[in-house]
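Fold and geometry: a report
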Amino acid sequence: MTLRTTATAARVALVGLAAAAMAATALTVPAQAAPDPGPDPAADRAAARAGHAATRRAMDAEVRAGIPGITAQARDTRGVWKAASGVGDLATGTPRGTDDRFRIGSITKTFVAVVLLQMETEGKLRLDDTVEHHLPGLVRGNGNDGGTITVRRLLNHTSGLFDYLADEEYLQTYMLGDGYLRHRYDTLPPAQHVQVALSHPPLFSPGDRFSYSNTNYVLAALIIEKAGGRSYEAEVRDRIIRPLGLKATTNPGNSIHIPRPSSRAYSKLFAQAPDRIDDVTEMNGSQGRADGDIISTAGDLNRFYRALMRGELLAPRQLAAMKTTVEIRERPDMAYGLGITRMRTSCGTTLWGHGGGMVGSTSLAVTTENGGHQLAYNRNGDWSLPTAPDAIMEAEYCPTPAPTPTPAPTPTPAPAS
């Protein structure tokens, strides 16, 4: 997608794949299967031995660079490590909490994909069903044709459908500046997001290449409802949240609030005032329904991805389908499956997970392939930083020791006179 302003780039960063750096450019690559390099047990063991001091330093560095606060949790062979840096409330100076709930943004997509893959196991749908089969007549117009788009192509972003969040009018109305402040409490039905997307022609023929589009997951949730006869929220609750005991994870529906404990969320909404920071904690959850609405904690996200990789949520065939990826040519260290991203760290560790955000919040949750080492964290500010966008992840899985202070030279006694 082509972005016109710094503020627009910041908004699109909220819906990127794993980090804000993914959002600045359009991703248009061939939809071919990408080989999985596999896990690197040696690198994972090295990270575990090194502890989490490097992760803490990376969090503190982002706070020094301007993010209000960060909450994180890691889980590995030694147990659970929690940390927070910075503040949760700029007005009061209250520290960021280690058990904060936050809007997880596009990490929601993995939950949606799991539900659809479970439904495939049950025979309620097939990945190669068309959108038209489940939602007749909905995806038509401007060259868009639901009869040529499959469920699989929705989930791996090869549908060619325009991303409704890239529509300039939608951005100005609901995501930026005074538009956001006026409309953040509006209830937006899924059909409105679909309508915005279909006002644009498709970006390419379905299956030709990859382009990240939140529209895909709005439609995926509607298919869940059509195939299951219940709301998307009920399916997520009964299939994932309750069985895994994710007690801090909820679908907000039309609520504007984040349950406590939680921190405030902040955004730079105005390109013409880059130093202005607005409190954007309250917003109607329907504005990100199914592509980014879930509220959770770092601990619940780690539990979710651990269970997913260990086969507790999907049958082997469905988990293999989820992990069949399409390449992202602009990011050779990343590839996209069905609602999940495969990442490769600088030290060679393969991670699976997803990043995402909403206005005022950016998050990442990842796990090693064997489910032995998870990391999840959230920033309560949504703007880009001079630090590397994946610095916290890199610090956790590829830690470097803190520099050893150089000892002061020992004074040489003066010769006796």
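Below you will find a few notes about this structure.

Rules used in this analysis
Residues numbered from 1 in each chain as written. Predicted model: local features only at pLDDT ≥ 70, side-chain atom pairs only at ≥ 80, totals over all residues. Heavy atoms only, no water. Axes fitted to C-alpha atoms, helices over the stretch in contact; angles between N-to-C directions. Helix = DSSP H or I, 4+ residues; strand = E, 2+ residues; numbered from the N terminus. Left-handed = near helix turned anticlockwise from the far one by under 90°. Contact = heavy atoms within 4.5 Å. Disulfide = S-S within 2.5 Å. Salt bridge = Lys/Arg side-chain N within 4 Å of Asp/Glu carboxyl O. Buried < 20%, exposed > 50% of the residue type's maximum accessible area, 1.4 Å probe, protein only. Phe/Tyr/Trp six-rings, centres within 6.5 Å; stacked < 30°, edge-to-face > 60°. Pairing = 2+ DSSP bridges.

1. Quick notes on the packing of helix 4 (residues 108-121) against helix 12 (residues 298-309)
Close contact between helix 4 and helix 12 brings their axes to 12 Å; oriented N to C, the two are set at 35 degrees. Regarding helix 4 and helix 12, the two cross each other, and that crossing is left-handed. Here Thr110, Phe111 and Val114 of helix 4 lie close against helix 12, whose contacting residues are Leu301, Phe304, Tyr305 and Leu308.

2. Side note on the state of the cysteines
Per the counting criterion, the structure on display carries one disulfide. Through a disulfide, cysteine 347 is tied to cysteine 398; the S-S separation comes to 2.0 Å. Here cysteine 347 and cysteine 398 share a disulfide; its torsion about the S-S bond, -75 degrees, makes the bridge left-handed. Taken together, the positions of cysteine 347 in the loop between strand 14 (341-344) and strand 15 (350-358) and cysteine 398 in the segment after helix 14 (391-397) put the pair 51 residues apart, joining distant regions of the chain.

3. Quick word on unusual backbone geometry
In this chain, arginine 260 is followed by proline 261 through a cis amide linkage whose omega measures 0 degrees. Its location among the elements puts proline 261 in the loop between helix 11 (232-244) and strand 9 (266-267). The backbone of histidine 157 sits at a positive phi, close to 60 degrees, despite the residue not being glycine. Considering the arrangement of structural elements, one finds histidine 157 in the loop between helix 6 (151-155) and helix 7 (168-175).

4. Notes on the pattern of salt bridges
This model, assessed by the stated rule, comprises 22 salt bridges. The residue arginine 78 makes a salt bridge to aspartate 76 at a minimum N-O spacing of 3.4 Å. Taking relative accessible area as the criterion, aspartate 76 reaches 10% and is therefore assigned buried. As a salt-bridge pair, arginine 230 and aspartate 238 come within 2.8 Å of each other at their nearest N and O atoms. Classification of aspartate 238 by relative accessible area gives partly exposed; the value is 27%.

5. Describing the packing of aromatic side chains
With the rule as written, the count across this model stands at six aromatic pairs. Seen in terms of ring centroids, phenylalanine 210 and tyrosine 336 are 5.7 Å apart; in terms of plane orientation they differ by 50 degrees. Their pairing is tilted. Separated by 126 residues along the polypeptide, phenylalanine 210 in strand 8 (residues 209-210) and tyrosine 336 in strand 13 (residues 334-336) bring together distant segments of the chain. For phenylalanine 210, a relative accessible area of 0% gives the class buried. Judged by relative accessible area, which is 0%, tyrosine 336 ranks as buried. Between tyrosine 212 and tyrosine 336, the aromatic rings sit 6.2 Å apart at their centres with planes inclined by 85 degrees, giving edge-to-face as the arrangement. Here the residue tyrosine 212 occupies a position in the loop between strand 8 and helix 10 (215-228), and tyrosine 336 occupies one in strand 13, the gap between them amounting to 124 residues. Through a chain of ring-to-ring contacts, the aromatic side chains of Phe111, Phe304 and Tyr305 assemble into a single cluster.

6. Examining the pairing of strand 16 (residues 361-368)
Of all eight residues that make up strand 16, eight are buried, and the element is covered over most of its length. Covered by surrounding structure in strand 16 are Ser361, Ser363, Ala365 and Thr367 together with Thr362, Leu364, Val366 and Thr368, the residues of both alternating faces. Where strand 15 meets strand 16, eight bridges bridge the pair, whose relative direction is antiparallel. When the sheet's bridge partners are listed, glycine 355 is paired in strand 16 with leucine 364. In textbook terms, the turn of a hairpin is the stretch between consecutive antiparallel strands, and for strand 15 and strand 16 this stretch comprises two residues, one of which, glycine 360, has a positive phi near 90 degrees. Pairing between strand 16 and strand 17 (residues 374-379): six bridges, direction antiparallel. Paired with serine 363 across the strands is asparagine 378, a residue of strand 17. Between strand 16 and strand 17, which pair antiparallel and follow one another directly, the connecting turn spans five residues, one of which, glycine 371, has a positive phi of 75 degrees.

7. Looking at the pairing of strand 17
Along a regular strand, successive side chains alternate from one face of the sheet to the other. The element strand 17 is largely enclosed, with a buried count of six among its six residues. Covered by surrounding structure in strand 17 are Gln374, Ala376 and Asn378 together with Leu375, Tyr377 and Arg379, the residues of both alternating faces. Note: strand 3 (residues 69-76) against strand 17, six bridges, orientation antiparallel. In the strand pairing of strand 17, alanine 74 is matched with leucine 375.

Worth remembering: the numbers are spatial, not functional.
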